Each structure stands twice: as C-alpha cells, then as structure tokens.
Amino acid sequence: MHTKPAAFQRLRSGTGFEVGSLLQVFASLLWLPQAGLLAYALQRLADGVGLPAVYLPASLIFILGVLRAVCDAAGVRRVFKSARAELSRLRVQVATSLAARSPLDVERPASGLAASVMAEQAEAIVPYLTRYRPARLRTTFVPLAILIVVAPLSWIAALILLIAAPLIPLFMALVGWRAKAASEAQMVEMGGMNAFLLDRLRGLATLRTLGAVEATALRLQESAQSLRQRTMAVLRIAFLSSAVLELFAALGVAMMAVYIGFHLLGQIDFGAWGTRLTLGQGLFILLLAPAFFEPLRELSAVWHDKAAGDAALAALDRLSATGLLLPDANHAPTGVAAHIAETPVQGAPAVDIAQLSFAYPGSSVVVFNKLDLHIAAGEHVAIMAASGGGKSTLLSLLAGLLPLPQGAITIGSVRLSAQSVFLLRQRMAWIGQKPHIFAGSVHANVALRRAGLGAAEVAGALSFAELDRVAQARPGIALAEGGGGLSGGEAVRLALARAVVDPHADLLLVDEPTAHLDQLTAQQVTQALLQLAQGKTMIIATHDPVLAARMDRVIVLPAGGQA
Ligand SMILES: Nc1ncnc2c1ncn2[C@@H]1O[C@H](COP(=O)(O)OP(=O)(O)OP(=O)(O)O)[C@@H](O)[C@H]1O
C-alpha cells in the first residue's frame, strides 16, 4: 500500500498558500472573458462594422491582461514566501528531533547524510509547494470551467475535451509511481555519497598513512557513477512524461481544430445542439482548447517536482525517526536564559545513586544492576573499572545524556527526571578526553556564544588552563574542525577553559582527562582540574592511578555494575 510520509501529513498549507494558489487560478480563469472578447471582436470585424467597434473589446482585453499578470505575480509571490517559511519550519522540526537524540545513540544518522538531507535535498520541497500544488489546483478548476462554457455551445467540442482529458492524469499516475521511486533512489544515493565523503574527508590523514586513498577514491568514483545513473533515470522519466502529455494535448487541440474548421465550412453540420456555430463562437472554442490542456501540461511538467518533493519529505522523516532519546526530548525548555538566571546557587551538590539499573536498548549487556553510590557534596572521586565497565555510561547517565534508567539519581536535592534534567545540566560541566573542537577561533571555542563571556573572561580561562603560553591557543587563532592545530593535551585544556567560564557549574563530570597524555601534561591537567574543582563536586572516570590517587576517594565499579 502506498502511504504518504509523515512529514507530508504535517506539511502545513497555511492561508498564504491558499490565497496565493487561488489568485493563480483566478488569473488563469481570466483567459475565458479575454477569449470571449477576442472572438467577439473578430466576429464584429468579419461582420464589416469597422475598426472603431472593436476599440472597447480591445481595451477590455488589455485591462484583463494586466489584471491577469498582476494576480498571477501576486499569487506566485505569496505561495513562494509561504513555501520558504514552511521549509524553514520543517528544517527546525528535524533539527529539533535530531538534537533530542542522545549523543550515544549509535543509530544516529551520519552527519554528512543529515547535512545533505536538511540543506540540499530538503530544497526540493519548495518547487513541490510552489509549482506542483498550484498546478494541481489549476487542473481542478480551469478545465472544468472551460468545459462548462464550451458544452452549451457544442456538445461535440465538449466531448472531444472530455475524452482527451482523462487520458492525461491516468498516464501521469502510472508514470508518477516510477518517478517517485526513481527520485527516492537518487536521494538515497546522494545522501549516502555525501555521508561517505564527509566521513572519509575527516579521516583523510588515517587513509593516507594506511595507503588507502586510492581505494577510497575508487569507491567515491563508483558512488558518483551510480548517482549519475540514478539522476539520468529521474530525468528520463521527466522527459518521457512531458513528451506523452504534449502528444495528448496536441492531439486534443488538433481534433478540435478539425471539427471547428469543417463545421464552419459546413462539412460537419451537427454537434451544436441543432444550430450552427457562428465564426465568433467557433473561434471562442478554438481559443479555449489550448487553455483547457494548459494546466494539465503544466501539471505534467512539474510532476517530477512532486516526486522529488515526496522523496525529500520521506528523507526528512527518516532523519526525524526516533532513536535513543534524551530524557527531556519531549520537554523542550522555554525561556532558557530565564531558567539559568533562576537557578539558585546552592553550593556543590551531593550525588546519590540508588538501585540504578541500565542496559543500552537493544543490547544484552547489563551495564548496571541495582547500583548504589553516594558522593558527598564537594567530594572529588575517581571512578575506576575495567575497560567497558560502564564509567563513561555512568557519567552520561548523570549528565542526562541517556534515557532515564531504572532506579534514582539525585543531584543536590533534585531527582533527575525529564522535567528536572535541563535545569540540572545547567550546574554541570562535562570534560571529555576528546572534546569536540569546532572550526573557528579559540575565543569562539571557549565562549561557545554563551551570554556574558567577553575577551577578558576567555583570556582568564585560557590562562587558568595554562593555554596562554601556547602560541596556537591565542584567542584569535583559528582552529580547524576536530581540533586541528592543537595537541591532545591542549584540546583537553581547552575543554577545561570552557568549564572555567561557566559560573553555574558546580558538578564536574570528567571522562578520562589524562588518557594518552604524557606524564608532564597529565600532571598539568590534573593540577588545573583540582584547582577548578575547589568548592565543587567532581567525578572523574579514569584508568590513571596517579590521577585517582589525587582524589578524595576511589570508587571501583564491579563487573556488571552491582554495588
Ligand atoms: N552507545 C552505545 N550503545 C550501546 N552500547 C554501548 C554504547 N556505549 C557503550 N556501550 C557498551 O556499554 C558498556 C559500557 O561502556 P562504557 O563506554 O561506559 O565503558 P567504559 O568503562 O567507559 O570503557 P572505557 O574505559 O574503555 O572507556 C560496554 O559494554 C559498551 O560496549
């Protein structure tokens, strides 16, 4: 069964669309009085009444022409503006649903694919809304209006239109199925290629050192070739459908011309309800015949816009499919700044974990089974366990980056829940072993556009993290995506600087800060961390016994997470 994508059902056709599309339909319908006046004027000329008699109809034709152009332009403008607004709304919707997914969700769409669908493929929705939808509305009204006007003059003319017209949508529906499948295949290929390209570009250094650049280039070439074939398939269907429609439309108009011509010459004297058509009436029908097929031809020309639009909506839907969600995915906070300002400063929080059980959805590994832990306010603890023992998972659960587990996590006096997690996150700072560095200046990477962070605060934070002596870490220096330009230890210290400037952070969650660092750098990072953690609660996941020894307490997670 053919089901429409969910985004399609959510697609809003607000008043802008309706008014705009109706204006375009009205503009098309104005051709009827124009054609009537034109036929009348020619009839009068043929009657030999002289040129002055046609001045009035000619002026009216001109006025109607101007009105038509104005209505059409206004309609197109309104529809276009609404379509762009609708596209922005859909993008926000998809971005929100992507942001609601846990960063630990292994099924999250690849960044390249998400970027390609949201930025590039989603654009196909605009022609779908601006061209296909108004064309469909015109096809509903204009041929019907022409049929109603022509039928009382000649039943044969009406019959010709009636027979030729249904063949067109019938054929289009058949082609439409193929067109949609072809467009979907093309978009999947395009998204796949973008995802592959982005992924490999990120890992170019690895590929080069392992001598795998050739093989990657070959794979990319195959992908490009496949995309080319799929694009050609879409174009072939688009050309085929247009060609067939043009044929039907041309045949319909030709049949009408033959009938009217022979009727006016007296060769065919039936079909006009027992009378004979005048020259004016014949011309009127002849002028309307192409206008009858016009919306249908237009619909066929934009048929592949519909197919591409449907495919783009389906791709957006696949992106917004729910996966591993953040606890507050369905509790979008409003008035963020106000919330932060309202957060009472309570001093470092204690952390209580009671009967905590957790397994990743779809995984048979039980990471925690009824774990109990108490970390006192202001305490600095090291969490140690074998690799895969759940250290990072515990920190992620505390930070509300995974769905709520069974059992209770209480931070300060507030229990972690869908409602509280947003506010609780305001008082946490997360420092990971591989902090994400955005492409941009060091200043931007530390400030992260947070309110109230000027040059002085950022400089202070860099000095605290002992980055002020590193030439590559001056505030104005540009960093490459992924931290290019900084060493591993410098990147961790940059993450420290990010935490330093956060006045609300009194619970530090730190994931293996000294992993892969040399002894001296590890010592510097440890020192900076301890300094930062003064008066704050700090939980560090680590394998490093030297770092662990500097903490107030070491907690070893047993296998299976059972306390
Ligand atoms: N995103 C995920 N989806 C499913 N399972 C996961 C995910 N992340 C980790 N796991 C699994 O959960 C368990 C705990 O992993 P976790 O990363 O918390 O361990 P860790 O103690 O931090 O390990 P390491 O010291 O190697 O960093 C492991 O069995 C791991 O395979």
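Residues numbered from 1 in each chain as written. Predicted model: local features only at pLDDT ≥ 70, side-chain atom pairs only at ≥ 80, totals over all residues. Heavy atoms only, no water.

**Here's the deal with the overall build of the protein chain**
The helix and strand tally for the protein chain stands at 19 helices and eleven strands. The C-alpha radius of gyration of the protein chain comes to 35 Å, more than 25% above the 24 Å expected for a compact globule of 563 residues. Projected onto its principal axes, the C-alpha positions of the protein chain cover 110 × 50 × 50 Å. Taken across its 563 residues, the protein chain has 46% of its residues classed as buried. Partitioning the contacts of the protein chain with sequence separation of at least 6, the portion at a separation of at least 24 is 80%. (Helix = DSSP H or I, 4+ residues; strand = E, 2+ residues; numbered from the N terminus. Rg over C-alpha atoms; globule rule 2.2 N^0.38 Å. Buried < 20%, exposed > 50% of the residue type's maximum accessible area, 1.4 Å probe, protein only. Contact = heavy atoms within 4.5 Å.)

**Concerning unusual backbone geometry**
For Leu448, which is not glycine, the phi dihedral falls at a positive 50°. Counting through the fold element by element, Leu448 comes out in the loop between helix H15 (442-447) and helix H16 (455-464). Residue Arg449 is not a glycine yet carries a positive backbone phi of 60°. Following the sequence through the fold, Arg449 ends up in the loop between H15 and H16.

**Remarks on the domain arrangement of the protein chain**
Think of interface size as the accessible area that goes away when the parts come together; that is how it is often given. Annotation of the protein chain at the domain level lists domain 1 (6-99 + 106-320) and domain 2 (336-561). Computed over C-alpha atoms, the centres of domain 1 and domain 2 are 54 Å apart. (Domains from an automatic or database assignment.)

**Concerning the packing of aromatic side chains**
Considering all chains together, one arrives at three aromatic pairs under this definition. On the basis of an interplanar angle of 15° and a centroid distance of 5.6 Å, the ring pair of Tyr128 and Tyr132 is categorised as stacked. One end of the pair, Tyr128, and the other, Tyr132, are both in helix H6 (residues 125-150), four residues apart, so they sit about a helical turn from each other. The same class applies to Tyr128 as to Tyr132, namely buried. Between Phe358 and Tyr360, the ring centres sit 5.2 Å apart and the planes meet at 75°, which makes this aromatic pair edge-to-face. Taking the relative accessible area as the measure of exposure, Phe358 reaches 7% and is therefore buried. (Phe/Tyr/Trp six-rings, centres within 6.5 Å; stacked < 30°, edge-to-face > 60°.)

**Section: the site of the ligand**
Neighbouring the ligand are 15 residues, the closest being Leu104, Ser387, Ser392, Thr393 and His543. For the ligand, an oxygen atom lies 3.2 Å from a polar atom in the backbone of Gly389. Between the ligand and the protein, one listed contact pairs an oxygen atom with a side-chain N or O atom of Ser392 at 2.7 Å. Alone, the ligand offers 630 Å² of accessible surface; in the complex the protein occludes 69% of this. (Near = heavy atom within 4 Å. Polar contact = N/O pair within 3.5 Å; in protein donor to acceptor, adjacent residues only side chain to side chain. Areas by Shrake-Rupley, 256 points an atom, 1.4 Å probe, with all protein chains shown as cover.)

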